[in-house]
Amino acid sequence: MTPWSRFRKSARVLREQLGWRRFLKLADPFLARSIDPIDQQRRPESILVIAPHPDDEAIGCGGVIALHRKRGDAVHVLYTTDGGRPARGAATDSNQPATRRTEALRGLDILGGATQEFLDLKDGQGDISDTGVKAIAKSIEAKKPDRIYVPWMLDNHRDHKASFEMLRKALAGSIPGTAIWQYEVWTPLVPNRYVPIASVLDLKERAIRAHETQMKSHDYASASLGLAHYRGLQGGVDAAAEAFFAIPAEKLELFTEL
Ligand SMILES: [Zn+2]
């Protein structure tokens, strides 16, 4: 490893650590934990899921999507990138975005079905594009979501951070009554909500495995299920759980400096 690449790697670690320190300070008022079973009796809700790549919705919140569908909530999934970046070491395949679309639809069917849209931003660029912000704003206007699921603000992938940032811009301050539920994919978050998902764990696993192109390079299904078992134990659920950091939409602005 050259001194330069060593420096770049350590600078990245430092940047992450500083982000964490700031996050913990700002998040403090919201860190009281609770368990939300989702299957309780409430009026049907409108749910928006923002996924940077096809598979993030299943890995990050496949369990809650299945639970929302079981209780009759309308779920709309908005994919921001086209998922076209090849796995490390693999050649570019121009059919990959279309293949991943098909996998995404198959995965959503397993979770109980959802409407979806694909913004087709270029995978891996971390683009915070005006087109993306406008499309998210339009979707929010149309769906009037009670909850929005999105990768959490420190999730360590540039497309995931970009998706969060585009959502923040799209919300432009506040939508009273909308809760932003942030989910974890690449970086474990600091949870304030746990959702028991034992009843739909098999659906989550099958939905992740539907993303066959991705499962070839990494066993995301086993990793995600392992995390779900750990989160269940940690959150006092005593069975598998998904963990989230949830705040009202109007509080997002508090984290702008992160
Ligand atoms: Zn992703």
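Just so it is clear, the structure is predicted and the values come from calculations on it, not from any experiment. (Residues numbered from 1 in each chain as written. Predicted model: local features only at pLDDT ≥ 70, side-chain atom pairs only at ≥ 80, totals over all residues.)

> Please give an account of the overall build of the protein chain that cites residues and values.
Of regular secondary structure, the protein chain possesses eight helices and eight strands. Here the C-alpha radius of gyration of the protein chain, 18 Å, is about what a compact globule of 258 residues would show, namely 18 Å. Dimensions of the protein chain, computed from the C-alpha atoms along their principal axes, are close to 60 × 40 × 40 Å. For the protein chain, buried positions account for 41% of its 258 residues. Across the protein chain, contacts joining residues at least 24 apart in sequence account for 83% of those joining residues at least 6 apart. (Helix = DSSP H or I, 4+ residues; strand = E, 2+ residues; numbered from the N terminus. Rg over C-alpha atoms; globule rule 2.2 N^0.38 Å. Buried ≥ 20, exposed ≤ 12 C-beta atoms within 10 Å, placed from the backbone. Contact = placed C-beta atoms within 7 Å.)

> I'd love a proper account of the pairing of strand β8 (residues 241-248), names of residues and values included.
As paired strands, strand β6 (residues 179-183) and β8 are joined by four bridges and run antiparallel to one another. Counted as the bridge partner of W181 is A246 from β8. Direction of pairing for strand β7 (residues 193-196) relative to β8: antiparallel, over a ladder of four bridges. Of the residues in β8, the one forming a bridge with Y194 is A243. (Pairing = 2+ DSSP bridges.)

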